[in-house]
Each structure stands twice: as structure tokens, then as C-alpha cells.
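Commentary on secondary and tertiary structure
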Amino acid sequence: MFGWHRNHLSDNYLGRLCGLCDAYSEAELSAYCREKGLFTEQVKQWRTDCLQGFGRTADSERQVKQERKKTTKEIKKLKAEVRRKD
């Protein structure tokens, strides 16, 4: 695809672009993209990717919490076992 590649843009700028998708009408977004040399399809895809990234982050945090809880239980069990053997 022509135009800017996602890797050439800062995360801050991509965040603002995602916000523009919600704030601008289709015509306003198209005009903005033409002015900046972007394609509206790319901006919409970046927005979708950004939103999916937030979802994965929440899922990863949940998974990390579950693993931490499991590890904590295992540590307590092992400490109890060591105390019992002493």
C-alpha cells in the first residue's frame, strides 16, 4: 500500500489519528488525510489495530494476574513444606 507506513509514525501521532476517526466525518477525515499524504483506509486500519491492542493488553493483564496468583499459592505451599520438614 502506498503512503505512510505505520512504523514511520509515532505512537502519539497514531493515537491522535485514531481520535480523529471518531471526531471527524468521513469527508473531514478524507480531507485531513489528503492534506497529510495519508490514506483513509490506512488510518482506519491503524485505528482498528490500536483498539485490538488495548483488548489484548487487558487480556494479558488478566492472564498475568492469574499466573501471579498461581505462583503465590505455589510459593506458600513450598514454604509450608519447608517449615514442616524443619
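Residues numbered from 1 in each chain as written. Predicted model: local features only at pLDDT ≥ 70, side-chain atom pairs only at ≥ 80, totals over all residues. Heavy atoms only, no water.

1. Regarding the overall build of the protein
- Looking only at helices and strands, the protein has three helices and zero strands in total.
- Secondary structure elements in the protein, listed N-terminal to C-terminal, are α-α-α.
- Out of the 86 residues in the protein, the part that is buried amounts to 19%.
- Sequence-distant contacts, at least 24 apart, represent 51% of the contacts inside the protein between residues at least 6 apart. (Helix = DSSP H or I, 4+ residues; strand = E, 2+ residues; numbered from the N terminus. Buried < 20%, exposed > 50% of the residue type's maximum accessible area, 1.4 Å probe, protein only. Contact = heavy atoms within 4.5 Å.)

2. Observations concerning the nonpolar core
- Residues Tyr13, Leu14, Leu17, Leu20, Cys21, Leu29, Tyr32, Cys33, Leu38, Val43 and Trp46 constitute the largest nonpolar core, which totals eleven residues.
- Taken together, the elements giving at least two residues each to this core come down to α1 (11-23), α2 (26-36) and α3 (40-85).
- Ranked by residue count, the leading element in this core is α1, at five residues.
- The residues contacting Leu29, other than those within four sequence positions of it, are Leu20, Cys21, Tyr24, Thr40, Val43 and Lys44. (Core = buried A, V, L, I, M, F, W, Y, C linked by side-chain atoms within 4.5 Å.)

3. Focus: the pattern of salt bridges
- Taken as a whole, this structure holds two salt bridges when the rule is applied.
- Measuring nitrogen to oxygen at the nearest pair gives 2.8 Å for the salt bridge that ties Lys44 to Glu26. Taken together, the positions of Lys44 in helix α3 and Glu26 in helix α2 put the pair 18 residues apart, joining distant regions of the chain.
- In this structure, Lys85 and Glu81 form a salt bridge, with 3.3 Å as the shortest nitrogen-oxygen distance. Residue Lys85 and its partner Glu81 are both found in helix α3; the two are separated by four residues, about one turn of the helix.
- Note on Lys85: relative accessible area 59%, which makes it exposed.
- The partly exposed category is assigned to Glu81, whose relative accessible area is 30%. (Salt bridge = Lys/Arg side-chain N within 4 Å of Asp/Glu carboxyl O.)

4. Side note on the confidence of the model for the protein
- For the protein, mean pLDDT is 79; residues scoring 70 or higher make up 83% of the total.
- Across the protein, the secondary-structure element scoring lowest on mean pLDDT is α1, at 74, and the one scoring highest is α2, at 88. (pLDDT = per-residue confidence, 0-100.)

5. Focus: α2
- Buried residues of α2: Leu29, Ser30, Tyr32 and Cys33, and no others. End-on, the buried residues of α2 take up no more than an arc of 165°, which puts them together on one face. The outward face of α2, more than 90 degrees from its buried face, is lined by the exposed residues Ala27, Arg34 and Glu35. (Arc of directions from axis to C-beta.)

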